[in-house]
Amino acid sequence: MGRGAGFGKVILFGEHFVVHGIPGIVSAIDSTADAEVKKNVEGIIVNDERKGANGYAAKKRTQQKESIERMLRTMGIDPKKASLEIWLGGNLPGFSGIGASAASSVAIARAIAKEFEMDLSDGRINEAAYEAEKAYAGNPSGIDNTAATYGGLIWFKKNLSGGPNTIEKLNIREPVEIIIGNTGIVADTKEMVAGVAARKKNNPKKYNPLFKQAEGIAFPARKALEEFNLKKVGKLMNENHHLLRKIEVSCKELDYLVTLAREQGAFGAKLTGGGGGGCMVALTPRKELQEAVATAMEKEGFKVLRTKIGIKKT
Ligand code: MEV
């Protein structure tokens with residue numbers, strides 16, 4: 001049997017913009033999707049035992065099947081002839097927006113590589129997971145699978161000419177508490193990504209300046225993280241959320257949680273991932289602030305993940 005794991009992630013800056021070549025900043029979190037793969041069964045069987053949220057696994061099943069087939073082809077295995085039993089678990093909940101699909105793809109790719117005794121570098125695992133991501137996101141940037149493969153805090157820029165993407169590890173002084181608040185709405189990343197691309201194409205006058213502004217946030221955000229200027233990081237997260245609203249990927253539940261987090265003293269808050277539901281992230285340095293923001297959301301019935309960015313072991 002082969003085993004593998006992939007990190008969950010939180011995008012701090014640049015989701016959606018990153019698909020179009022604007023730099024983004026992502027942090028792995030300390031929760032993983034775990035996979036086990038066994039050969040020698042009939043066809044491909046998937047036992048998805050991840051902790052789902054409102055039917056996450058059920059809604060993603062068709063995309064998951066396509067993603068596994070794409071991954072197998074990239075790894076030189078014919079999906080029509082493959083005989084595999086795949087188990088999925090781990091402590092990364094099935095919330096939309098925290099890289100559950102990419103984490104599971106990395107976990108499965110690593111487990112298949114072990115079971116088939118392939119000696120694959122992280123780069124090859126990342127490629128296989130990127131191919132799998134296309135089933136979930138249509139035209140993904142690659143930021144999610146990169147975080148799921150390598151972990152840590154990453155500066156990412158997609159190479160739009162097809163060459164290697166820019167992937168740089170960022171260092172911060174110490175890990176910082178965040179909360180991830182889940183609207184409970186399972187979102188379709190593919191639809192969200194395609195929607196932005198269509199609106200950008202149809203309305204360049206509105207969209208191009210917004211993309212320029214997103215680029216203008218990414219660079220100071222990197223500097224603020226590296227200088228550990230958390231107030232500045234929070235302020236830029238707020239600005240990033242404003243842009244995400246303008247490109248129409250937020251929704252009233254996300255805006256509600258973002259406002260609630262800010263009212264409770266979060267340094268900054270924004271949606272994270274594809275939007276249209278899914279999750280938001282709030283920067284809540286120190287345990288007390290993290291707890292205050294998390295509790296306020298939980299009191300209203302929302303599910304919350306308490307975690308940190310910049311954790312060394314991820
Ligand atoms: C999804 O987590 C992030 C998006 O930017 C899509 C992508 O980059 O592939 C919305």
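Definitions and limits used
Residues numbered from 1 in each chain as written. Predicted model: local features only at pLDDT ≥ 70, side-chain atom pairs only at ≥ 80, totals over all residues. Heavy atoms only, no water. Phe/Tyr/Trp six-rings, centres within 6.5 Å; stacked < 30°, edge-to-face > 60°. Helix = DSSP H or I, 4+ residues; strand = E, 2+ residues; numbered from the N terminus. Buried < 20%, exposed > 50% of the residue type's maximum accessible area, 1.4 Å probe, protein only. Lys NZ or Arg CZ within 6 Å of the ring centre and 35° of its normal. Domains from an automatic or database assignment. Contact = heavy atoms within 4.5 Å. Buried area = accessible area lost by both parts, 1.4 Å probe. Salt bridge = Lys/Arg side-chain N within 4 Å of Asp/Glu carboxyl O. Polar contact = N/O pair within 3.5 Å; in protein donor to acceptor, adjacent residues only side chain to side chain. Nonpolar A, V, L, I, M, F, W, Y, C, P; charged D, E, K, R; others polar. Core = buried A, V, L, I, M, F, W, Y, C linked by side-chain atoms within 4.5 Å. Near = heavy atom within 4 Å. Areas by Shrake-Rupley, 256 points an atom, 1.4 Å probe, with all protein chains shown as cover. 1 Å grid on protein atoms, 1.4 Å probe; cavity = no way out; pocket = protein on both sides within 12 Å on 5 of 7 lines; lining within 4 Å. Sits in = over half its atoms within 2 Å of the grid points.

Chemist: Sorry, what's going on with the packing of aromatic side chains here?
Modeler: Geometry of an aromatic ring pair is reported as the spacing of the ring centres plus the angle between the planes. For the structure shown, the criterion picks out three aromatic pairs. Ring geometry for Phe-17 and Phe-211: centres 4.8 Å apart, planes at 70°, overall edge-to-face. Of the two residues, Phe-17 is situated in the loop between β1 (2-13) and β2 (24-39) and Phe-211 in helix α7 (residues 204-226); the sequence distance between them amounts to 194 residues. Among the residues examined, Phe-211 registers a relative accessible area of 5% and is labelled buried. Relative to Phe-302, the ring of Tyr-256 has its centre 6.3 Å away and its plane inclined at 40°; by these criteria the two rings are tilted. Note that Tyr-256 is positioned in helix α9 (residues 252-263) and Phe-302 in the loop between α10 (287-299) and β10 (303-309), a separation of 46 residues in sequence. Judged by relative accessible area, which is 40%, Tyr-256 ranks as partly exposed. The aromatic ring of Phe-211 is capped on one face by Lys-200, whose charged end is 4.9 Å from the ring centroid. Geometry around Phe-267 places Lys-231 over its ring, the cationic atom sitting 4.0 Å from the centre.

Chemist: How should the domain arrangement of the protein be read in this particular structure?
Modeler: Interfaces are often sized by the amount of accessible area the parts lose when they come together. By the assigned domains, the protein splits into domain 1 (2-170) and domain 2 (176-309). Taken over C-alpha atoms, the centre of domain 1 sits 22 Å from the centre of domain 2. If you look at the interface, domain 1 gives 39 residues, while domain 2 gives 47 residues. When domain 1 packs against domain 2, the two sides together hide about 3,500 Å² of surface, and 69% of this comes from carbon and sulfur. When residues of domain 1 are sorted by the area they lose upon contact with domain 2, Phe-13, His-16 and Phe-17 head the list and together hold 22% of the total. At the junction of domain 1 and domain 2, the tally comes to two salt bridges. The partner of Arg-222 in a salt bridge is Glu-168, with the nearest N and O atoms 2.8 Å apart. Seen at the junction of domain 1 and domain 2, the total is 13 residue pairs in polar contact (both at pLDDT 80 or more). Listed by contribution, the elements that provide at least two residues to the side of domain 1 that touches domain 2 are β1, β2, α1 (56-59), α2 (61-74), α4 (122-137) and β6 (166-170). For the side of domain 1 that touches domain 2, the residue count by class is 21 nonpolar, 10 polar and eight charged.

Chemist: Mind showing me how you'd approach unusual backbone geometry here?
Modeler: Peptide bonds are mostly trans, and most non-glycine residues show a negative phi. Even without being glycine, Glu-117 reaches a positive phi, approximately 50°. By relative accessible area, which is 74% here, Glu-117 ends up exposed. In this model, Arg-286 sits at a positive phi of 80°, which is unusual for a non-glycine residue. By the secondary structure assignment, Arg-286 is in the loop between β9 (279-283) and α10.

Chemist: Would you mind going over the nonpolar core with me for this structure?
Modeler: The nonpolar side chains of a soluble globular protein tend to be buried, and buried together. Within the largest apolar cluster, 65 residues are counted, with the highest numbers of intra-cluster contacts made by Phe-13, Ile-25, Ile-247, Met-280 and Met-297. The element that contributes the greatest number of residues to this core is α7, accounting for nine residues. In this structure, Phe-13 is in contact with Gly-24, Ile-25, Ile-217, Ala-221, Val-233, Leu-236, Met-237, Asn-240 and Lys-270, ignoring residues within four places of it in sequence.

Chemist: Got a minute to help me understand the environment of Val-258 in this structure?
Modeler: Note on placement: Val-258 falls in helix α9. On a C-alpha basis, the gap between Val-258 and Gly-181 in space is 8.8 Å, while along the polypeptide they are 77 residues apart. In contact with Val-258, not counting residues within four places along its chain, are His-241, Ala-269, Lys-270, Leu-271 and Met-280.

Chemist: When you look at the site of the ligand in this model, what are you seeing that I'm missing?
Modeler: Surrounding the ligand, one finds 13 residues, the nearest of these being Lys-9, His-16, Pro-140, Ser-141 and Asp-144. Taking His-16, its main chain carries an N or O atom lying 2.8 Å from an oxygen atom of the ligand. In the environment of the ligand, an oxygen atom lies 2.5 Å from a nitrogen or oxygen atom belonging to the side chain of Ser-141. Calculation on the ligand without its partners gives an accessible area of 300 Å², and the protein chains cover 97% of this total. Structurally, the ligand is housed in the largest cavity. Of all the secondary-structure elements, those providing two or more residues to the shell around the ligand are β1 and α5 (143-150). Among the residues making up the shell around the ligand, the classes are represented as six nonpolar, four polar and three charged. Two domains each put at least three residues into the shell around the ligand: domain 1 (2-170) and domain 2 (176-309).

Chemist: Which parts of the structure should I look at to understand the side chain of Asn-145?
Modeler: Topologically, Asn-145 is positioned in helix α5. The exposure class assigned to Asn-145 is buried, which follows from its relative accessible area of 2%. Apart from the residues within four sequence positions on either side, Asn-145 is in contact with Ala-102, Val-106, Asn-126, Ala-129, Tyr-130 and Glu-133.

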